Every structure is written in structure tokens, then in C-alpha cells.
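Chain and residue survey
In case you want the letters, here they are:
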Amino acid sequence: MFHLPSPSSMEKPLTVLRVSLYHPTLGPSAFANVPPRLQHDTSPLLLGRGRDTHLQLQLPHLSRRHLSLEPYLEKGSALLAFCLKTLSHKGCVWVNGLTLRYLEQVPLSTVNRVSFSGIQMLLCVEEGTSLEAFVCYFHVSPSPLIYRSEAEETDEWEDVSQEQPPPGSGQQTPGCLGFLHVPSQTWDSPLQPSPGGGTEIQLQREPPDGALY
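Small disclaimer: the values here were computed from a predicted structure and weren't measured. Every chain is numbered independently, its residues counted from 1 as its sequence is written. In keeping with the predicted nature of the model, local features appear solely for residues at pLDDT of at least 70, side-chain atom pairs appear and are counted solely at 80 or more, and the whole-chain, interface and lining totals rest on all residues. Calculated side-chain values reflect all of the structure's heavy atoms, with hydrogen atoms and water omitted.

**As for the overall build of the protein chain**
Across its full length, the protein chain holds two helices and 13 strands. Residue contacts are defined here by distance: any two heavy atoms, one from each residue, within 4.5 Å place the two residues in contact. Sequence separation of 24 or more characterises 62% of the internal contacts of the protein chain that already satisfy a separation of 6 or more. Each accessible area is a Shrake-Rupley estimate made with a 1.4 Å probe; only the visible protein chains count as cover when residues are assessed. When the accessible surface of the protein chain is split by element, carbon and sulfur atoms take 53% of a total near 11800 Å². The helix and strand labels rest on DSSP assignments: H or I over at least four residues marks a helix, E over at least two residues marks a strand, and numbering proceeds from the N terminus.

Right, dumping it as C-alpha cells:
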């Protein structure tokens, strides 16, 4: 007798984002409102202080809408990819050695280190075949995720970051984060893939009223 497969067995596996979070002074209390699991469709996932965000954090210097995690399809790929976009005018966001300011975005790699408003985030992407949704699993880390975390998303951060040590001194600029490197992979732009690809990740800037999709 022929049996039709059950709906659950026909579902495609979701892309999984495993997100570790750390705050150096507030500790786990900074993430009291973060659920252990969050499934989301393919619209941008918003993070900030606002009640209309999908991931709400009540932290100083955080905007109502601070960050956007945005799924997209790369040219020639059947798997979801992700980019991180800054929605805040306050300071900047550090992603894998790149500094993002208002409305700039960058594609994410398999393993990503992010810092903003005192928060350290380690985000790992595990590919799935579903194009309808993805799922995030959150973990609060008891220890730092980035070995230098002096940089803050404030005007003070911008002032300190402009101070350069004397040439040949061998000193690191105060306020700089560790792991300041660009992933070696070549990425297509989430909006318009560059012809022939490239060897560097380039920041994308959107007009205030622009749309990704």
C-alpha cells in the first residue's frame, strides 16, 4: 500500500543562526528579554530598544531600531545568505573588522564577530535549504567573545579611534578591537552583485528611503 509522506518529512530544513551574546558590565541581565529560540520569515529581523523590534534590548546608547539582519539570495545560489545593516545614527557598528555607519551593510560569512553599544556578538550560520524562514538560537556567554572590547558606539569611541600611535612604536590604537580582519571569501553584493566578483568586502550604503527588496 502506497503511503504519502507526512507534511513534516517534506519540510525543508531551516537555516540556523547560532548567536552568542556578551556584555562586559551588565552581564546576562542585558539579555533578559532575549528568547532562547526565535523563528523568523525572510523579512528583515530588527534589533533595538523599540517595541516594534523582533529582538528587544533595553540598553544605553541603543537606538529604537539599531540593526537589521536581512536574508537575501546570492546570484546563482539556492540558499539563504545574510547581511547586517546599521539603522542607527549613534556611533557605528563593528563587523568582522569593518566599521559600519548609518545605512551601511555588509554580507555575513559563516562565522561573524560583531560589536555595538557595548555588546559582543558571535554569529554562526548553518545553511539550510528552506527559503521561507530561518531560526536563531541565542546563548548568553559568561566570557568575552572578542579579546579587546574597549570600543563603544559613542562619540568617545570615534574620538579615541582617530588617535594613532607613533609610527614604529608597535602599540595598538586604543579602543581597537581584536580580530580586525576581512573574511577571505568573495561575496556578491546583496543588492547588485559586482561583475566578476572581487577580493574585498565592500560596504553598501542605502538611501534613507531605499528598499532592499
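**Things to note about the nonpolar core**
It is characteristic of soluble globular proteins that their nonpolar side chains tend to be buried jointly. What we call a nonpolar core is a set of buried Ala, Val, Leu, Ile, Met, Phe, Trp, Tyr and Cys residues that are connected through their side-chain atoms within 4.5 Å. Think of it in three bands: residues with accessible area under 20% of the maximum for their type are buried, residues over 50% are exposed, and the middle band is partly exposed, with areas taken using a 1.4 Å probe on protein chains only. Membership of the largest hydrophobic core comes to 33 residues, with the highest contact counts inside it found for L17 and F116. When residues of this core are assigned to their parent elements, the largest contribution, four residues, is made by strand β11 (residues 119-126).

**A short note on the sheet that holds strand β8 (residues 98-100)**
We call two strands paired when DSSP finds no fewer than two bridges between them. The strand order β2-β12-β1-β11-β10-β7-β8 describes an open sheet built from seven strands, whose pairing is mixed. Strands at the two margins of the open sheet, each flanked by one partner only, are β2 (37-41) and β8. Sheet twist, expressed as the mean angle between neighbouring strand axes with direction ignored, is 25°. Sheet topology note: the strand β1 (residues 15-22)/β11 ladder contains seven bridges and is antiparallel. Each bridged residue has a counterpart across the sheet, and for Y22 the counterpart in β11 is Q120. Angles here are taken between N-to-C directions and fall from 0 to 180 degrees, while the axes themselves are lines fitted to C-alpha atoms, restricted in helices to the stretch in contact.

**What about the packing of aromatic side chains?**
Only rings of Phe, Tyr and Trp enter the pairing, Trp through its six-membered ring, and a pair is recorded when the two centres are within 6.5 Å. The plane angle decides the type: under 30 degrees is stacked, over 60 is edge-to-face, the rest tilted. A full pass over the atoms with the stated rule returns one aromatic pair. Look at F82 and F134: their rings are 5.0 Å apart centre to centre, the planes differ by 75°, and that puts the pair in the edge-to-face class. Residue F82 is found in strand β6 (residues 80-86), and its partner F134 is found in strand β12 (residues 133-140); the two are separated by 52 residues along the sequence. Given a relative accessible area of 2%, F82 falls into the buried group.

**Points about the pairing of β12**
Two strands pair when backbone bridges link them, and β1 and β12 are joined in this way by seven bridges, in the parallel orientation. The residue of β12 that forms the bridge with V16 is V135. Examined bridge by bridge, β2 and β12 share five bridges and lie antiparallel to one another. Looking at β12, one finds that L38 is bridged to C136.

**Points about the environment of T25**
On the secondary structure map, T25 appears in the loop between β1 and β2. A C-alpha to C-alpha distance of 9.7 Å links T25 and I119, two positions 94 residues apart in sequence.

**Structural notes on the pattern of salt bridges**
Proximity of charged atoms lets side chains of opposite charge pair with each other. Counted as salt bridges are all cases of a side-chain nitrogen of Lys or Arg within 4 Å of a carboxyl oxygen of Asp or Glu. Summed over all chains, the structure comprises two salt bridges. Between E126 and R18 there is a salt bridge whose closest N-O contact spans 2.8 Å. On the criterion of sequence distance, the pair formed by E126 in strand β11 and R18 in strand β1 is long-range, its members being 108 residues apart. E126 gets classed as partly exposed once you look at its relative accessible area, which sits at 36%. In this structure, D52 and R65 form a salt bridge, with 2.9 Å as the shortest nitrogen-oxygen distance. You can see D52 sitting in the loop between β3 (45-48) and β4 (55-56) and its partner R65 sitting in the loop between β4 and β5 (67-73), a full 13 residues away along the chain. The class for D52 is partly exposed, based on a relative accessible area of 38%.

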